[in-house]
Structures are given as C-alpha cells and as structure tokens.
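Structure at a glance
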Amino acid sequence: MTPELLVPILALCCGILALHRAARPLLRLLCRTAAGGLFLALAAPVGSWLGIGLGVNLFNSLVLGLLGPAGLGLLLMLRWSLLPGTWGLF
C-alpha cells in the first residue's frame, strides 16, 4: 500500500474507534428509520385502499422508526386532522 492510501485508512479506523460509543445510537437510528420506511413502502398499497395511506418519505420513516406503532397512530391522527375529507371508509 502506498502512504497516500494508508494514512486516510488509518485515520478512518482511529476515528471509528474514537467515536464508537457515539456512532452506535446513530447506526441504530438509521436502521430503525430504514425499517420504518420499508414498512411504509410495503403498507402503501393496502393503506391507500383502506384510506389510511401515508407517504413514504424520510419524516414519516423517522417518526415510525422512533415511535413504532404509536408513531403510526400519531401520523394517522395528524393526517386526518390536517387534511379534510381523508377519514377513510367513513
């Protein structure tokens, strides 16, 4: 390996070791947000048919990833209270 390539790799490894405790919650948040987005993407066809469809975006994924089912209820209540005529099958 050339020194031009070795120095950044060593700096990256030292940075990862130094920030390991701080990076773990961020990685967990990233994984939970991705899982929330995946749930929104999979539930979008059924949700729009039932009238409870939510957009698949970063904000919705983050709320769903952080709060879980309570976040889904919160997002649905926000949608129903802010957008008139979106009360599903009623």
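Note that the structure is predicted; figures quoted are calculated from it, not measured.

Let's shift gears to the environment of Leu6. Tracing the chain through its elements places Leu6 in helix H1 (residues 3–18). Taking the C-alpha atoms as reference points, Leu6 and Ala41, separated by 35 residues in sequence, lie 41 Å from one another.

Across its 31 residues, helix H2 (residues 20–50) extends 43 Å between first and last C-alpha, which sits within 8% of the 45 Å expected from 1.5 Å per residue. Where H2 bends most, at Ala44, the angle is about 55 degrees, and the proline Pro45 comes one to four residues later. Within the sequence span of H2, burial applies to Thr33, Gly36, Gly37, Leu40 and Gly47. Of the surrounding secondary structure, the elements contacted by the buried residues of H2 are helix H3 (58–67). Of the residues one or two after H2, Gly51 is the one with positive phi, at around 85 degrees.

So, on to the packing of H3 against helix H4 (residues 69–82). The N-to-C vectors of H3 and H4 enclose an angle of 140 degrees; their axes lie 6 Å apart at closest approach. As judged from the angle between their axes, H3 and H4 are oblique. Contacts between H3 and H4 pair Phe59, Asn60, Val63, Leu64 and Leu67 from the former with Pro69, Ala70, Gly71, Leu72, Leu74 and Leu75 from the latter. Along the lines of polarity and charge, the residues of the contact of H3 with H4 split into nine nonpolar, two polar and no charged.

Here we come to the environment of Thr33. Mapped onto the secondary structure, Thr33 falls in helix H2. Residue classification places Thr33 among the buried residues on the basis of a relative accessible area of 11%. Ignoring anything within four residues of it in the chain, the contact list for Thr33 reads Leu58, Ser61, Leu62 and Gly65.

How each quantity is defined
- Residues numbered from 1 in each chain as written.
- Predicted model: local features only at pLDDT ≥ 70, side-chain atom pairs only at ≥ 80, totals over all residues.
- Heavy atoms only, no water.
- Helix = DSSP H or I, 4+ residues; strand = E, 2+ residues; numbered from the N terminus.
- Expected span 1.5 Å × (residues − 1).
- Bend = angle between axes of the 7 residues up to and from the residue.
- Buried < 20%, exposed > 50% of the residue type's maximum accessible area, 1.4 Å probe, protein only.
- Contact = heavy atoms within 4.5 Å.
- Axes fitted to C-alpha atoms, helices over the stretch in contact; angles between N-to-C directions.
- Parallel < 35°, antiparallel > 145°, perpendicular 65-115°, else oblique.
- Nonpolar A, V, L, I, M, F, W, Y, C, P; charged D, E, K, R; others polar.

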